[in-house]
Amino acid sequence: MLKARKRNTMQTSKPYRRVALIAIAIVIAVPMVAVTIFVATFNPNRYKPGIIAAAERATGRQVTISGPLQMSLSLVPTISASGITLANPPGYVDAEMATLKRIDAQVALLPLISHRIDIIKLVLIDPAITLEYGPTGTPNWLFDRTVANPATPAPPGAGSPAQPDRSIALQSVSIENGTITYKPPAALVPLQPNTAPTTTPMAPTVLTIAHFTGSAASLAAPLHLTMQAQYDAAPFTLTGTTGPVSRLTGGGGGPWPVDLTLGAQNATLHLKGSIAHPRQIRGYAFDVHATIPNLAAFDPYAGGANLPPLQSVAFAAQITQSDSARDNRDWLPAISNASLTAGQSDLATWRQGLSITSLNATMTSLDQTLNIAMAGQYQDKPVGLEGTAGPLGPIIEAAIGQPAPQQQGGSPAATTNAVPRFAVNLAAKVGNAQFGIAGGIASPAMLAGVSLKLTARIPNLAHLSDLAGQPLPAWTNIGVSGLLTDPGEKGLSQAIGLDSLAVTADQFQFGGAFSLLRGKTPDLQAVINAPRVDLTALLRAVPKPEATPEANPDTNPDTPANTTPNIPPVPPIESATVNVIPTTPLPFGLLRQGDGNVELTIGQLIYDGATYDAITAHGLLHNGVLTVRPISAELPGGSVSGTLNVDAAANPPQVHVTEAAPAFRLAPLLTLLGLPNAAGATVQLYADLSGAGNSPRGIAATLNGTLGLSTVNGEIDGTLLNRLFGSSLSAVGLPASLVGAQGPVMVRCFAGRLDATNGLASVRALTLDSSRMYLTGTGSLDLGAERLNLILRPEVQVGTNDAPIPIAVSGTFADPREGIAPPGDYGATAASLAHQLGGNGGTVLGRLAQSLGIAPKPADPQTCTGALALARMGHSGPMPTAAAVAPPGAESGAAPTSGPQNLLQSLFK
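Predicted model only: the values in this text are computed from it and were never measured.

S.K.: Can you walk me through the overall build of the protein in this structure?
M.R.: Counting its secondary structure elements, the protein contains 15 helices and 42 strands. For the protein, the proportion of its 909 residues judged to be buried stands at 35%. Restricting to contacts in the protein with at least 6 residues of sequence separation, those with at least 24 account for 52%. When the accessible surface of the protein is totalled, it reaches about 49600 Å², and 61% of it is carbon and sulfur.

The following block contains the structure:
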């Protein structure tokens, strides 16, 4: 019976088993069949227009997928797309912001039923992203989603615009040959008025991702990252783990762990912690540790900033952000327990003679002070820096415009009381030089209420040249003190001032006060008082630029021999124009950028052996118009006064200069002009000139007014005559070597005057009476075309007689051409010669001269008396002594006794 019952039970259970097996098979097989049918019949290109439309709605940009969408037949199908581009808005340099050669995504099918996207593997091939700024300065990574869809709307059936929210999980991702290029905004270079400024492009920064992989054991497991990349061709690596990607799309909860290590040049930066809300990057807490064996190795990553070779650099800090920070205004993290140390370092390759033995900087938090201490040597003398500054939080807030976070665990008073005053007390020494800054800022968040005392004591500034990285002047026993302020407590961003300034040195002393009010129209106010300035000593102490030696293959063994055959030089092009008057635009634009009021007083200025006293100038700038009046000084020979008016608001800018200098030394003027300056003479200068233009050439081309220059009873060196007239004398066979030989030359008088009208300067007077030559001249100078049209009549003493030979000076300022003047300019020469051979009609030539109407005339304005009156423009001045060389028509007290002209006289008697 038991066996029968058992047999009946088994017979009864068999149908149930069969039914269960059939049910299980249906549950498994039907989806598999459905998936197989779906994969076999699914055409992803039906969704291509909808995908493009959704991407364009999300970005407000044109999106293109040039290749077809493809899906492989598999239980884990792979969807591929190629030729993907994301366009830039109109007006950008690059038409496309991003391109992607191909993307492959392996997607699990079953999770799609529950609106979940599980990406098993994602591969990006050749992604390229360019970050740049548009013509209005707007970066292209800011997407305007309000812009109408630039593409054609998706056709019906291409995908429903309303899609349910989907969570995305990523198990593996890889990037091959990716690039991210950042192009900084171009710098604007202002040109002349009413012209658009040009832009100067800056070098882009390129991040090249050679290989990037991220993989996880499962969709919910941490993601392991590895990357090999280059930053502007400087390699670095990134390794570590993060939380699952699903958290970035809304799935899961809890802290999202981060453990990353950045490596480069044997240095490491380790970031470990967690993020409470990884999608918003909010509520994080990280421990940061960095170790750098040699800081100089990171110079390629810093854009060639010439970093010092600090050794054994270590940095540590805790960086946190409150979980309650819910908008961009609270993004600034809290930094605590920060420390920076460096070990013994020889910095001679960075700054010659400099080394440090230790560097320590610590900061408990952003609302506490920073403590810094550094010790070392500079040129075998101690160097150090120590002191405190802080708190830094409000300063950072002012610098970036974000509120400084409150430290966790702070006292209640710290959160209710006003922000503490920023205090600084730093002292530095470099050898025997000492520097200091002490004081504080009452409202550090606004950088307002500034009162910082600056001091310096420098025995010899040149001794700091190696530390500065460039030659410095050898100014000695320098003392500096001043008070840095913000006038009106407007904040350093609005106003900066320097009060009670006092600077002393062996070469100069000056002091005063400065203030600069920033804003739409900056305003500079300054009062400068310099009791003494030894300009000669000051300039003598300035280091001269080192001449760059030219490479010589004969003396440089590393230079390869020149195998190029000798090619004769190409003759210069006749039409090529070389300008003597500079065409470089003058900085008139600076005068249109602000206002100012500057008063300058110099008690005593010493230059080139002369002392100039009581120099004063008052400059007023308003609405682009600069007026400097008066400009006055007491010179060795008398007073000088002048005015300057520049209207930079006009187009083109207008310049008006007046000058009255009845007596000043000639040597400094010759030095300024680059001429031999061995001279003992006092010069009278009068000028009233005006012109309009954006450059010196433009002003000269429109010049109007008068310039007069004169001197009497002085002495110059013959080399000056050779520089001025040597080529002209040689061109007509006169003894230039005699006139221009080195040695003292007595100048009885020199007088010159130019009258300019619209850039054409006429020689109203030109007379030189010296112990070696008597010269007069007429003609004109075309300042716009830089062309010469002069007739010079030099008389050089040969034996006991002389005769003027007219010289025509033509050509350009850069390439003057001298030669004997045309026949029409020989009248004065023949008249002079006839007078010397018997101009009273007692000789054949004398009678011939009278019959031809070229007999000598009374002295004209080209004599010293007439020329001086013209050059001085009616002002009084000293008169010349006895003649050095008798001009034409002057009587000689002694009869000639020898010379070629005696023979001519005997022939015509």
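Text resumes after the structure shown.
S.K.: Please explain helix 14 (residues 864-871) as it appears in this structure.
M.R.: Owing to its 3.6 residues per turn, the α-helix brings residues three or four apart onto one side. Of all eight residues in helix 14, six are buried; the element is thus mostly enclosed. All buried positions along helix 14 are accounted for by C864, G866, A867, L868, L870 and A871. Buried-residue contacts for helix 14 involve strand 35 (682-692), strand 36 (704-717), strand 37 (744-757) and strand 38 (760-770).

S.K.: I tried to follow the packing of aromatic side chains on my own but got confused; where do I start?
M.R.: Aromatic ring pairs: the centre-centre distance and the angle between the two ring planes describe each pair. Counted by the stated rule, this structure contains seven aromatic pairs. Residues W475 and F508 carry aromatic rings whose centres are separated by 5.3 Å and whose planes lie at 85° to one another, so their mutual orientation is edge-to-face. Residue W475 is found in the loop between helix 5 (465-468) and strand 25 (476-485), and its partner F508 is found in strand 27 (residues 508-517); the two are separated by 33 residues along the sequence. Both residues of the pair, W475 and F508, count as buried. Linked through ring pairs, Y133, W141 and Y182 together constitute an aromatic cluster. Stacked on the ring of W350, the Lys or Arg R351 has its end atom at 4.4 Å from the ring centre.

S.K.: Got a minute to help me understand the pairing of strand 22 (residues 422-430) in this structure?
M.R.: Every other side chain in a regular strand lies on the same face of the sheet, so the side chains alternate between the two faces. Here strand 21 (residues 381-390) runs beside strand 22; their pairing, made up of eight bridges, is antiparallel. Bridge assignment links V383 to a residue of strand 22, and that residue is V430. With nine bridges connecting them, strand 22 and strand 23 (residues 433-443) associate as antiparallel partners. Pairing of A428 across the sheet is with F435, part of strand 23. Connecting strand 22 to the next strand, strand 23, in antiparallel fashion are two residues, including G431 with a positive phi near 65°.

Parameters and conventions
- Residues numbered from 1 in each chain as written.
- Predicted model: local features only at pLDDT ≥ 70, side-chain atom pairs only at ≥ 80, totals over all residues.
- Heavy atoms only, no water.
- Helix = DSSP H or I, 4+ residues; strand = E, 2+ residues; numbered from the N terminus.
- Buried < 20%, exposed > 50% of the residue type's maximum accessible area, 1.4 Å probe, protein only.
- Contact = heavy atoms within 4.5 Å.
- Areas by Shrake-Rupley, 256 points an atom, 1.4 Å probe, with all protein chains shown as cover.
- Phe/Tyr/Trp six-rings, centres within 6.5 Å; stacked < 30°, edge-to-face > 60°.
- Lys NZ or Arg CZ within 6 Å of the ring centre and 35° of its normal.
- Pairing = 2+ DSSP bridges.

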